[in-house]
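# Reading the structure
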Amino acid sequence: MFGKKYFVYILAHKRNGSLYVGVTNDLKPRVAEHRQGILPGLTKKYKIFLLVYYEALDEPRPAIAREKQLKTGSRANKIRLIKGMNPGWDDLFCTERYKRDYQLDCFVCQTGCNSRNDG
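Residues numbered from 1 in each chain as written. Predicted model: local features only at pLDDT ≥ 70, side-chain atom pairs only at ≥ 80, totals over all residues. Heavy atoms only, no water.

## So, the overall build of the protein chain
Summing up its helical and strand segments, the protein chain has five helices and three strands in all. Secondary structure elements of the protein chain occur, N-terminal to C-terminal, as β-β-α-α-β-α-α-α. Per-residue burial over the protein chain gives 43% buried out of 119 residues. Counting contacts in the protein chain only where the partners sit at least 6 residues apart, residues at least 24 apart contribute 61% of the total. Summed over all atoms, the accessible surface of the protein chain reaches about 6800 Å², with 50% contributed by carbon and sulfur. (Helix = DSSP H or I, 4+ residues; strand = E, 2+ residues; numbered from the N terminus. Buried < 20%, exposed > 50% of the residue type's maximum accessible area, 1.4 Å probe, protein only. Contact = heavy atoms within 4.5 Å. Areas by Shrake-Rupley, 256 points an atom, 1.4 Å probe, with all protein chains shown as cover.)

What follows is the structure, given as structure tokens:
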């Protein structure tokens, strides 16, 4: 069984589109909230809901620090991170890698799953 994880994540509107950086202690429902438009703000207004990058940390303080580092960093650095993990800018929300890494079932959201990316 995994211990508690804290996730830093990047959402995108589309490939090379608008980006959003966030942090959460439960990635699955947080991304679902973005996708369903439950959270007001940038992601809802600009439909930024493709999970294109994430990393897991074991403690909250380092996760928050990493989020701040990414938010204040350049767009070019964010894109390098995304391309390093996800060169095709695929939606990672329902990939086999994501499910395997975090023992999650696929959450079929409004946009459906990206079944072609098997991690």
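## A word on the packing of aromatic side chains
Enumeration according to the criterion identifies one aromatic pair in this entry. An angle of 45 degrees between the planes, with centres 6.2 Å apart, marks the rings of Tyr9 and Tyr20 as tilted. Linking Tyr9 in strand S1 (residues 6-12) with Tyr20 in strand S2 (residues 19-24), this pair joins segments that are 11 residues apart in sequence. Residue classification places Tyr9 among the buried positions, given a relative accessible area of 1%. (Phe/Tyr/Trp six-rings, centres within 6.5 Å; stacked < 30°, edge-to-face > 60°.)

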